Amino acid sequence: MRIDVYTPLLLSLLLGVAGPRLARFGTPAAAARALTGAAVLTAGASLWALALLTATLAGEALPVVAHGRALPEPVPDVVAVLALLLLAVAVGRIVGAVRARRATRRTLRRLCEGHPPGTELVVAASPRPQAFAVPGDPGRILVTSAMLAALRPAERRVLLAHERAHLTHRHAFYVHAATLTAAANPLLLPVRGAVAYLVERWADEQAAGAVGDRRTTARALARAALVSHGAGCALHFADRAVTRRIAALQTTPPRRLRPVAAAILTVGALAALGAADATGDLLSLLTAGAL
């Protein structure tokens, strides 16, 4: 347990540093899925590792001698106390992230109230150019009148195809999962940012395929970024990401590279295995103490 219990934490650092870089070499869809899956495995393993370290505090109440020999101390008490504090902070951050998501969804759903159940597009009268994909059953596309007025007809089709892709492929799930993993383990913050960017790139590629014109898609994204600058986030643009997304649309579609996704998922699998091995080590010590 002395080594295995720390493996998920070390692999979290590796995934946070190398994961987003590896994701650049695959398709946005495959990279987003792999990064999210690896992050969930790693974050879960990290929380379990902290729980195992915390559980060693109970060792004071357990037998410390087996067959006339002293049992080895799994970890120092100071490490176990630190793990307990980190675990408490992680739980608090996760609860906060869940509450924030629920509040956001309630706000968006209220804006869509009063429209027939089968209505996909909801136009809100607002001077702020914004667009949102509102998950749910059914999912809806919420667009402000200012955004529609700023775009040409072809660019409006791009916007709707982009937001529709978010709903179809449940991109909100990936972003929320990545957000929770970052809340559980701050070392995974870069992964959350990468997943948020990748689902936007994923929707960009879907929109380009739907309208059949990558240049029109790039132009629509550029115009949306310009009109939304300083007025909130439309199409989830960020100053550092917009040029990368537009540049990507001006090149050929990325190829799907299975080794990239496999390498990313391997990190998560190794973290889970490390947590499992640490669990086995601790159980062995407790079993030996009971004999």
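Residues numbered from 1 in each chain as written. Predicted model: local features only at pLDDT ≥ 70, side-chain atom pairs only at ≥ 80, totals over all residues. Heavy atoms only, no water.

**Quick look at the packing of aromatic side chains**
Consideration 1: On inspection of all chains with the given rule, the structure shows two aromatic pairs.
Consideration 2: Ring plane angle 75 degrees and centroid distance 5.6 Å describe the contact between Phe173 and Tyr174, whose orientation is recorded as edge-to-face.
Consideration 3: Owing to a relative accessible area of 55%, Phe173 belongs among the exposed residues under this scheme.
Consideration 4: For the pair Tyr174 and Trp202, a centre-to-centre distance of 5.6 Å together with 55 degrees between the ring planes defines the contact as tilted. Here Tyr174 is found in helix α6 (residues 171-184), whereas its partner Trp202 is found in helix α7 (residues 189-211), with 28 residues between them in sequence.
Consideration 5: Residue Tyr174 is classed as buried on the basis of its relative accessible area, which comes to 13%.
Consideration 6: In this structure an aromatic cluster arises from ring pairing among Phe173, Tyr174 and Trp202.
Consideration 7: In this structure, Arg244 is placed above the aromatic ring of Tyr197, and the distance from its NZ or CZ to the ring centre is 4.1 Å. (Phe/Tyr/Trp six-rings, centres within 6.5 Å; stacked < 30°, edge-to-face > 60°. Buried < 20%, exposed > 50% of the residue type's maximum accessible area, 1.4 Å probe, protein only. Helix = DSSP H or I, 4+ residues; strand = E, 2+ residues; numbered from the N terminus. Lys NZ or Arg CZ within 6 Å of the ring centre and 35° of its normal.)

**As for the sheet that holds strand β4 (residues 131-134)**
Consideration 1: Taken in spatial order, the three strands of this open sheet run β3-β5-β4, and their pairing is mixed. Across the chains shown, the open sheet's two edge strands, defined by having one partner strand only, are β3 (121-124) and β4. Shown here is a sheet whose adjacent strand axes are inclined to one another by a mean of 20 degrees, direction ignored.
Consideration 2: Across four bridges, the pairing between β4 and strand β5 (residues 140-144) is antiparallel. If you follow Ala131 over to β5, its bridge partner there is Val143.
Consideration 3: On the sheet, helix α3 (residues 77-111) packs against β3, β4 and β5 and is oriented at approximately 105 degrees with respect to β4. (Pairing = 2+ DSSP bridges. Axes fitted to C-alpha atoms, helices over the stretch in contact; angles between N-to-C directions. Contact = heavy atoms within 4.5 Å.)

**Some thoughts on the confidence of the model for the protein chain**
Consideration 1: Overall, the predicted model of the protein chain reaches an average pLDDT of 85, with 87% of residues at or above 70.
Consideration 2: For the stretch residues 61-72, pLDDT sits under 50, and the model shows 18 contacts to residues farther than four places along the chain or on other chains. (pLDDT = per-residue confidence, 0-100.)

**Quick notes on the pattern of salt bridges**
Charged atoms that come close allow side chains of opposite charge to pair.
Consideration 1: Across all of its chains, the model carries seven salt bridges by this definition.
Consideration 2: Here Arg223 and Glu155 are joined by a salt bridge, their closest N and O atoms 2.8 Å apart. With Arg223 in helix α8 (residues 214-228) and Glu155 in helix α5 (residues 153-168), this residue pair connects regions lying 68 residues apart in the sequence.
Consideration 3: Judged by its relative accessible area of 24%, Arg223 falls in the partly exposed class.
Consideration 4: Among the ionic pairs, Arg245 bridges to Asp204, the shortest N-O distance being 2.8 Å. Here the residue Arg245 occupies a position in helix α9 (residues 239-249), and Asp204 occupies one in helix α7, the gap between them amounting to 41 residues.
Consideration 5: Three or more residues are tied together by salt bridges with common partners; here these are Glu155, Arg219 and Arg223. (Salt bridge = Lys/Arg side-chain N within 4 Å of Asp/Glu carboxyl O.)

**What about the environment of Gln130?**
Consideration 1: Structurally, Gln130 can be placed in the loop between β3 and β4.
Consideration 2: Taking the relative accessible area as the measure of exposure, Gln130 reaches 15% and is therefore buried.
Consideration 3: Taking the C-alpha atoms as reference, Gln130 lies 5.6 Å from Thr144; in sequence the two are 14 residues apart.

**Comments concerning the nonpolar core**
Consideration 1: Within the largest apolar cluster, 28 residues are counted, with the highest numbers of intra-cluster contacts made by Leu15, Ala23, Leu35, Val191, Val195, Leu198 and Ile264.
Consideration 2: Those elements giving two or more residues to this core turn out to be α1 (7-23), α2 (28-55), α6, α7 and α10 (258-290).
Consideration 3: Apart from the residues within four sequence positions on either side, Val191 is in contact with Leu15, Gly16, Pro20, Leu35 and Ala39.
Consideration 4: Ala49, Leu53, Val75 and Ala278 belong to the second-largest nonpolar core, a separate cluster that totals ten residues. (Core = buried A, V, L, I, M, F, W, Y, C linked by side-chain atoms within 4.5 Å.)

**Observations concerning the pairing of β5**
Consideration 1: Of all five residues making up β5, five are buried, and the element is well covered by its neighbours.
Consideration 2: With burial as the criterion, each face of β5 is covered, one bearing Arg140, Leu142 and Thr144 and the other bearing Ile141 and Val143.
Consideration 3: Sheet analysis places β3 next to β5, joined by four bridges and oriented parallel. In the sheet register, Leu121 faces β5, and the bridge partner there is Ile141.
Consideration 4: Linking β4 back to β5 in an antiparallel pair, the connection comprises five residues, with Gly136 at a positive phi of about 150 degrees.

**Points about α1**
Consideration 1: Taking 1.5 Å per residue as the helical rise, α1 with its 17 residues ought to reach 24 Å, and the 22 Å between its terminal C-alpha atoms agrees with that figure.
Consideration 2: At Leu15, α1 is bent by approximately 35 degrees, the largest bend along its length.
Consideration 3: Among all positions of α1, only Thr7, Pro8, Leu11, Ser12, Leu15, Gly16, Gly19, Pro20 and Ala23 are buried. (Expected span 1.5 Å × (residues − 1). Bend = angle between axes of the 7 residues up to and from the residue.)

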